Amino acid sequence: MNVQIRTVHFEADTKLIEHVQNKIKKLSTFHDHIISVEIYLRLDNMAHTVKDKVAEIKVYVPKHSYFVKNQTKTFEEAFDQAFLSMVNQVKRQKEKIMA
């Protein structure tokens, strides 16, 4: 599984990168044919609102891809919520394939 973490408009500290990597490792337990994962952590302060931290996750598997996006006040919270949505998408799709 190829994992790419990209930050836009800021430099991520090692604590945030480790948090993201630890969570993404768990994704392989829900789908065993993941080709690659792209994570975008973006600072979106165009509107100057409290919810200006954006986390996007793209997961590529054979013949399909998944995408989730979440925006909250911290990167950890945005990523965690996006990760939970991604897990739900992957589980639902795998159940459809198994049925």
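Here, the structure is the one placed above.
The rules behind each value
- Residues numbered from 1 in each chain as written.
- Predicted model: local features only at pLDDT ≥ 70, side-chain atom pairs only at ≥ 80, totals over all residues.
- Heavy atoms only, no water.
- Axes fitted to C-alpha atoms, helices over the stretch in contact; angles between N-to-C directions.
- Helix = DSSP H or I, 4+ residues; strand = E, 2+ residues; numbered from the N terminus.
- Parallel < 35°, antiparallel > 145°, perpendicular 65-115°, else oblique.
- Contact = heavy atoms within 4.5 Å.
- Nonpolar A, V, L, I, M, F, W, Y, C, P; charged D, E, K, R; others polar.
- Expected span 1.5 Å × (residues − 1).
- Buried < 20%, exposed > 50% of the residue type's maximum accessible area, 1.4 Å probe, protein only.
- Arc of directions from axis to C-beta.
- Polar contact = N/O pair within 3.5 Å; in protein donor to acceptor, adjacent residues only side chain to side chain.

Chemist: Even after reading the chapter, I still don't get the packing of helix H1 (residues 14-27) against helix H2 (residues 75-98), so can you show me in this structure?
Modeler: Packed helices, taken two at a time, are described by the angle between their axes plus the distance between the axes. It is at 11 Å that the axes of H1 and H2 come closest, and there the two elements cross at 10°. Considering their axes alone, H1 and H2 lie roughly parallel with respect to each other. Of the residues in H2, those in contact with Leu 16, His 19, Val 20, Lys 23, Ile 24, Lys 26 and Leu 27 of H1 are Phe 75, Glu 76, Phe 79, Asp 80, Phe 83, Met 86 and Val 87. For the contact of H1 with H2, the residue count by class is nine nonpolar, one polar and four charged.

Chemist: Could you clarify how one ought to interpret H1 in this entry?
Modeler: Side chains of residues three or four places apart in an α-helix project in the same direction, reflecting 3.6 residues per turn. Helix length check: H1 (14 residues) gives 20 Å between terminal C-alpha atoms against 20 Å at 1.5 Å per residue, within 8%. Along H1, the positions that sit buried rather than exposed are Leu 16, Val 20, Ile 24 and Leu 27. Looking straight down H1, one finds that the buried residues subtend no more than 60° of arc, so they occupy a single side. What points out from H1, more than 90 degrees from its buried face, is the exposed set Thr 14, Lys 15 and Lys 25. Buried residues along H1 sit in contact with strand E1 (2-8), strand E2 (36-43), strand E3 (53-61) and H2.

Chemist: Any chance you could explain the side chain of Asp 52 here in plain terms?
Modeler: Its location among the elements puts Asp 52 in the loop between E2 and E3. With relative accessibility at 13%, the residue Asp 52 sits in the buried group. Within the structure, the side chain of Asp 52 is placed 3.2 Å from the side chain of Lys 53, a separation counted as a polar contact.

Chemist: Is there a simple way to think about the environment of Ile 17 in this case?
Modeler: Within the fold, Ile 17 resides in helix H1. Separated by twelve residues in sequence, Ile 17 and Ile 5 place their C-alpha atoms 7.9 Å apart. Leave out the neighbours within four places in its chain, and Ile 17 touches Ile 5 and Ala 12.

Any functional reading would require information beyond the geometric quantities listed.
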